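If you want the building blocks of each chain, they are given just below.
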Amino acid sequence: MSEILRIRGGVPLNGDAYVSGSKNAAVALIPAALLGSSPSTIENLPDIDDVYCLMRILRWLGADVTFERGVMRIDPSGVTRNNPPYEMVSRMRASYYLVPTLAGRLGSAEVPMPGGCDIGNRPIDQTIKGLTSLGLRVNTEGGIIRAEKTPAFGGNEVFLAMPSVGATINTMLAAVSAPGKTYIHNAAKEPHIVDTANFLSSMGARIKGAGTDVIRITGGLPLHGSTYTVIPDQIETGTLMIAAAATRGDVTLHGTIPTHMESLTAKLLEMGVYVTDEDDVIRVRASGNLRPVTLRTQVYPGFPTDLQQPLTAMLTVAWGTSYITENIFENRFRYVDELRRMGADIKVFDRTAVVQGVEKLHASSITATDLRAGAAMIVAALMTEGTSDISGVQYIMRGYEHIDEKLRRLGADARYIG
Ligand code: EPZ
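The model shown is predicted, which means the values in this text are computed figures rather than measured ones.

Parameters and conventions
Residues numbered from 1 in each chain as written. Predicted model: local features only at pLDDT ≥ 70, side-chain atom pairs only at ≥ 80, totals over all residues. Heavy atoms only, no water. Phe/Tyr/Trp six-rings, centres within 6.5 Å; stacked < 30°, edge-to-face > 60°. Buried < 20%, exposed > 50% of the residue type's maximum accessible area, 1.4 Å probe, protein only. Helix = DSSP H or I, 4+ residues; strand = E, 2+ residues; numbered from the N terminus. Lys NZ or Arg CZ within 6 Å of the ring centre and 35° of its normal. Near = heavy atom within 4 Å. Polar contact = N/O pair within 3.5 Å; in protein donor to acceptor, adjacent residues only side chain to side chain. Areas by Shrake-Rupley, 256 points an atom, 1.4 Å probe, with all protein chains shown as cover. Nonpolar A, V, L, I, M, F, W, Y, C, P; charged D, E, K, R; others polar. Domains from an automatic or database assignment. Buried area = accessible area lost by both parts, 1.4 Å probe. Salt bridge = Lys/Arg side-chain N within 4 Å of Asp/Glu carboxyl O. Pairing = 2+ DSSP bridges. Axes fitted to C-alpha atoms, helices over the stretch in contact; angles between N-to-C directions. Contact = heavy atoms within 4.5 Å. Expected span 1.5 Å × (residues − 1). Parallel < 35°, antiparallel > 145°, perpendicular 65-115°, else oblique. Patch = residues over 30% accessible without salt bridge, like charges linked within 9 Å, V, L, I, M, F, W, Y side chains within 5 Å. Lys, Arg positive; Asp, Glu negative; His and termini not counted. Charge placed at Lys NZ, Arg CZ, Asp CG, Glu CD.

Enquirer: Explain the packing of aromatic side chains here, please?
Expert: Both the distance between ring centres and the angle between the ring planes are used here to describe each pair of aromatic rings. All chains considered together, the criterion is met by three aromatic pairs. Taking 5.4 Å as the distance between ring centres and 25° as the angle between the ring planes, the aromatic pair formed by Tyr-96 and Tyr-97 counts as stacked. Relative accessible area serves as the criterion here: at 5%, Tyr-96 is assigned to the buried category. Centre to centre, the rings of Phe-199 and Tyr-228 are 5.4 Å apart; their planes meet at 55°, and the pair counts as tilted. Placement of the pair is Phe-199 in helix α7 (residues 191–202) and Tyr-228 in strand β13 (residues 227–229), with a sequence separation of 29 residues. Each member of the pair Phe-199 and Tyr-228 is classed as buried. Over the face of the ring belonging to Trp-60 we find Arg-81, whose NZ or CZ atom lies 3.9 Å from the ring centre. The residue whose ring lies beneath Arg-93 is Tyr-96, and the NZ or CZ to ring-centre distance is 5.0 Å.

Following this line, the structure appears as structure tokens:
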């Protein structure tokens, strides 16, 4: 297992890259396949650790799963266990999508509390609210989420206190099994919400309004397996766009959905970066000085919190002062200490980082403190002359498919070692 991503930076990225399937959609679709009465085939899955982790969990539960060249075939007919072990689920956030899918299939589920990146408190009260509103009895004593169908299991009105991605997906996954109509109000609208709804619809579910504030579901219909292709990864696309601009390169990204990228594109244009798109292709070019920006992370279609970290890395060398406010996760500035080690001038006041652009960063040994902090370290290392060793690569491998190879194809000197 590699321990370091070594990058010799200072070279503009140039050429073509192909975006992989969406991690955050993949981790919802794989558990969703448990709801089918027959096998599902999910295509364009990224070759990342989170996908392998879910594959192992599904096999342990009794599913027959194969995964080759981005295609996973899941036959859930042998699933008899409802209680995946802690060691398997604690590594990732999305393991709690097994709660509604196992309860839907088997009547009950016992899933240890989810793990995932340490970027804030990450409560699950809205998921519990969604599931209990639909007539599942839920308790979380002893660090295990236990959910069980009651005679009241059925559709209902669910009002989320905030548009939580996890709560929206969990409630949708429960609602497709719950007889009657469910309305999820104040639903999250991220691209992976829509993708999850589309996959469930392809399995026979009736879902309207995904991608808007209210999702309407007619539950209790029989669901069958389906063949489905995952959408491109919005955050990988954004990370590569930022890396292209940060190195003053010229990169053409294929297999993207440009509309998912509008909030980032707007910020890059404001910084003086050229961004053009046509069909599923985005081209990013930059040269000369970058202008500073003010940005606030927001739920989709606002600027995504997952791109706050790599964009901040790029802003460390912008020509002036940038103000970055993180509105989604309270603990998503831990990585700035690593950027400071490279010479960045960043001060954090509560939820706002004030980034005073410096002429250049210097290469250093740095640590990825979570997945998107890893993206920030990659961007910083790529735009810095000299060799930077990034540790904590297990986070990067959780979410970025063969990022070393992709960067090498763009002319960077990047490789996993150790
Ligand atoms: C998803 O996390 C993503 N993870 C995250 O991606 C992403 O950063 C986040 O959405 C925001 O877009 C997956 O899709 C697997 P939330 P999730 O529930 O579902 C509060 C990455 O790097 N909240 O939308 O955990 C919560 O504290 C990862 O790829 C509650 O208060 O995010 C946070 O402030 C990291 N109660 C906000 O809502 C709840 O019950 C958004 O959380 C749920 C959430």
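Enquirer: Just checking my understanding: could you explain the site of the ligand for this structure?
Expert: If you check the shell around the ligand, you find 24 residues, and the closest are Gln-126, Ser-164, Val-165, Asp-306 and Ile-328. Separating an oxygen atom of the ligand from a backbone N or O atom of Gln-126 is a distance of 2.7 Å. Taking Val-165, its main chain carries an N or O atom lying 2.7 Å from an oxygen atom of the ligand. For the ligand, the accessible surface in isolation is 830 Å², of which the surrounding protein chains cover 89%. Tallied by class, residues from the shell around the ligand come to 10 nonpolar, seven polar and seven charged.

Enquirer: Teacher, can you tell me more about the domain arrangement of the chain here?
Expert: You'll often see interface size given as the accessible area lost when the parts meet. Looking at the assigned domains, one finds that the chain contains domain 1 (4–19 + 232–417) and domain 2 (23–229). A C-alpha centroid distance of 30 Å is found between domain 1 and domain 2. The junction of domain 1 with domain 2 conceals about 1,900 Å² of combined surface from both sides, 52% of it contributed by carbon and sulfur atoms. Remark: the boundary between domain 1 and domain 2 carries one salt bridge. Taken together, domain 1 and domain 2 are joined by six residue pairs in polar contact (both at pLDDT 80 or more). A per-element tally of the side of domain 1 that touches domain 2 places helix α13 (residues 393–399) first, with three residues. Residues that form the side of domain 1 that touches domain 2 fall into these classes: seven nonpolar, five polar and nine charged.

Enquirer: I keep staring at the sheet that holds strand β2 (residues 14–18) and nothing clicks. Help me out?
Expert: Backbone-to-backbone hydrogen bonds join strands into a sheet, with any given pair of strands oriented parallel or antiparallel. If you walk across this open sheet you meet the four strands as β2-β14-β16-β15, and the pairing is mixed. The sheet is open, and its two borders are formed by β2 and β15 (274–278), each paired with just one other strand. Going across the sheet, the axis of each strand differs from the next one's by a mean of 15°, ignoring polarity. Relative to strand β16 (residues 281–285), β15 runs antiparallel, the two being bridged by five bridges. Directly across from Tyr-274, in β16, lies its bridge partner Arg-285.

Enquirer: Looking at this structure, how should I read the environment of Thr-182?
Expert: With respect to the secondary-structure elements, Thr-182 resides in strand β10 (residues 180–185). Residues Thr-182 and Thr-171, 11 residues apart in the sequence, show an inter-C-alpha distance of 9.1 Å. Ignoring sequence-local partners within four residues, the contact set of Thr-182 consists of Leu-134, Gly-155, Asn-156, Val-158, Ala-175, Ile-215, Arg-216 and Ile-217. Reaching out from Thr-182, the side chain makes a polar contact with the backbone nitrogen of Asn-156 at a distance of 3.3 Å.

Enquirer: I tried to follow α7 on my own but got confused; where do I start?
Expert: Counting along an α-helix, one turn takes 3.6 residues, and residues three or four places apart therefore face a common direction. End to end, α7 covers 17 Å across 12 residues, agreeing with the expected 16 Å (1.5 Å per residue, within 8%). One or two residues past the end of α7 sits Gly-204, with phi positive at roughly 115°.

Enquirer: Mind showing me how you'd approach the packing of helix α1 (residues 23–32) against helix α2 (residues 49–61) here?
Expert: Packed helix pairs are characterised by how far apart their axes lie and by the angle those axes make with each other. Axis separation between α1 and α2 bottoms out at 10 Å; the angle between their running directions is 5°. Classified by the angle their axes make, α1 and α2 are roughly parallel. Residues Lys-23, Ala-26, Val-27, Ile-30 and Pro-31 of α1 form the contact with α2, whose own contacting residues are Asp-50, Val-51, Leu-54 and Leu-58. Partitioned by chemical class, the residues of the contact of α1 with α2 number seven nonpolar, no polar and two charged.

Enquirer: Just checking my understanding: could you explain the side chain of Thr-127 for this structure?
Expert: Position of Thr-127 relative to the elements: it lies in helix α5 (residues 125–133). A polar side-chain atom of Thr-127 sits 3.2 Å from a polar atom in the side chain of Asn-170. Residue contacts for Thr-127: discarding those within four places in its chain leaves Tyr-96, Gly-166, Ala-167 and Asn-170.

Enquirer: Looking at this structure, how should I read helix α12 (residues 371–382)?
Expert: Spanning 12 residues, α12 covers 17 Å between terminal C-alpha atoms, matching the ideal 16 Å at 1.5 Å per step. Within α12, the full set of buried residues consists of Leu-371, Arg-372, Ala-373, Gly-374, Ala-375, Ala-376, Met-377, Ile-378, Val-379, Ala-380, Ala-381 and Leu-382.

Enquirer: Help me out: how do you make sense of the pairing of strand β1 (residues 4–9) in this one?
Expert: The side chains of a regular strand alternate, residue by residue, between the two faces of the sheet. Judged by which residues are buried, β1 turns out to be one-sided: Leu-5, Ile-7 and Gly-9 face inward and are buried, whereas Ile-4, Arg-6 and Arg-8, on the alternate face, are not. Relative to strand β23 (residues 413–417), β1 is paired through five bridges, and the arrangement is antiparallel. Within β23, the position partnered with Arg-8 by the bridge is Asp-413. Pairing analysis gives six bridges linking β1 to strand β22 (residues 386–391), with the strands arranged antiparallel. Looking at β22, one finds that Arg-8 is bridged to Thr-387.

Enquirer: What exactly am I supposed to notice about a positive patch on the surface here?
Expert: Together, Lys-181, Arg-206, Lys-208 and Arg-216 give the surface a local cluster of positive charge. Within the secondary structure, Arg-216 sits in strand β12 (residues 214–219).

Enquirer: Sorry, what's going on with the pairing of strand β3 (residues 40–43) here?
Expert: The pairing of β3 with strand β5 (residues 71–75) spans three bridges and is classified as antiparallel. Each bridged residue has a counterpart across the sheet, and for Ile-42 the counterpart in β5 is Met-72. In terms of strand pairing, β3 meets β13 through three bridges, oriented parallel. For Ile-42, the partnering residue across the bridge sits in β13 and is Tyr-228.

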